[in-house]
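The primary structure of each chain is shown beneath.
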Amino acid sequence: MNDSANETRSVVIERELPHPPERIWRALTQPHLLEEWLMKTDFLPEVGGGFRFAAEWGAVTGEVKTAETGKWLSYTWGDGTLDTVVTWTLKPSGSGTLLRMEQTGFRTDQPRYLMGATAGWPRFLDNLEQLLARID
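Here is what the cut-offs are and how they apply
Residues numbered from 1 in each chain as written. Predicted model: local features only at pLDDT ≥ 70, side-chain atom pairs only at ≥ 80, totals over all residues. Heavy atoms only, no water. Phe/Tyr/Trp six-rings, centres within 6.5 Å; stacked < 30°, edge-to-face > 60°. Buried < 20%, exposed > 50% of the residue type's maximum accessible area, 1.4 Å probe, protein only. Pairing = 2+ DSSP bridges. Helix = DSSP H or I, 4+ residues; strand = E, 2+ residues; numbered from the N terminus. Salt bridge = Lys/Arg side-chain N within 4 Å of Asp/Glu carboxyl O. Polar contact = N/O pair within 3.5 Å; in protein donor to acceptor, adjacent residues only side chain to side chain. Contact = heavy atoms within 4.5 Å.

**Let's talk about the packing of aromatic side chains**
Okay, so step 1: Counted according to the given criterion, the structure contains 12 aromatic pairs.
Okay, so step 2: Between Phe43 and Phe51, the aromatic rings sit 4.9 Å apart at their centres with planes inclined by 70 degrees, giving edge-to-face as the arrangement. There is no split in this pair, since Phe43 and Phe51 are both buried.
Okay, so step 3: For Phe51, a relative accessible area of 5% translates into the label buried.
Okay, so step 4: Through a chain of ring-to-ring contacts, the aromatic side chains of Trp37, Phe43, Phe51, Phe53, Tyr75, Trp77, Trp88, Trp121 and Phe124 assemble into a single cluster.

Okay, structure coming up:
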């Protein structure tokens, strides 16, 4: 039996942001702010809660798995074929917050999804940084 069929890939991005964890948490969890940097959504940071992200290219659905205000957040992210988990970790640092985003669970037979996430998340995080500079 070939175990490589069960292997998965991940996308990990870390950024040092000059903002407190509380500000970043708001941008990660409030629908009107999420819409500004990520996608239109009905997201609420409640464990077990379902949500939908929608964009011109399509939509993904998910369910919140864990949420610790200002510290970490994880949720499923899928479209019927894709079945991944996005985890955000916020760690206070001397100059603000170390933000880590990890999307896990890309199967090896899903290279287009992995390439899309690898290209897309840096752009989304650039948008997040721009938003954080504007909000209080």
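Once you've had a look at it, read on.
**Structural notes on the pairing of strand β3 (residues 50-55)**
Okay, so step 1: Sheet topology places strand β2 (residues 40-41) next to β3; 2 bridges connect them, and they run antiparallel. Within the sheet, the bridge partner assigned to Thr41 lies in β3 and is Phe53.
Okay, so step 2: Here β3 pairs with strand β4 (residues 58-68) via 6 bridges, running antiparallel. From the neighbouring strand, Ala55 faces β4, where its bridge partner is Gly58.

**Some thoughts on the pattern of salt bridges**
Okay, so step 1: Applying the stated criterion to the full structure yields 8 salt bridges.
Okay, so step 2: Linking Arg100 and Glu14 is a salt bridge whose minimum nitrogen-to-oxygen distance equals 2.9 Å. With Arg100 in strand β7 (residues 96-107) and Glu14 in strand β1 (residues 8-17), this residue pair connects regions lying 86 residues apart in the sequence.
Okay, so step 3: Here Lys65 ties to Glu63 by a salt bridge, and the two come within 3.6 Å at their closest N and O atoms.

**Structural notes on the side chain of Ser74**
Okay, so step 1: If you trace the backbone, Ser74 turns up in strand β5 (residues 72-78).
Okay, so step 2: Judged by relative accessible area, Ser74 falls into the buried class, the value being 7%.
Okay, so step 3: At 2.7 Å, the side chain of Ser74 forms a polar contact with the side chain of Thr66.
Okay, so step 4: For Ser74, the contacting residues outside a window of four places in its chain are Glu63, Val64, Lys65, Thr66, Val85, Val86 and Thr87.

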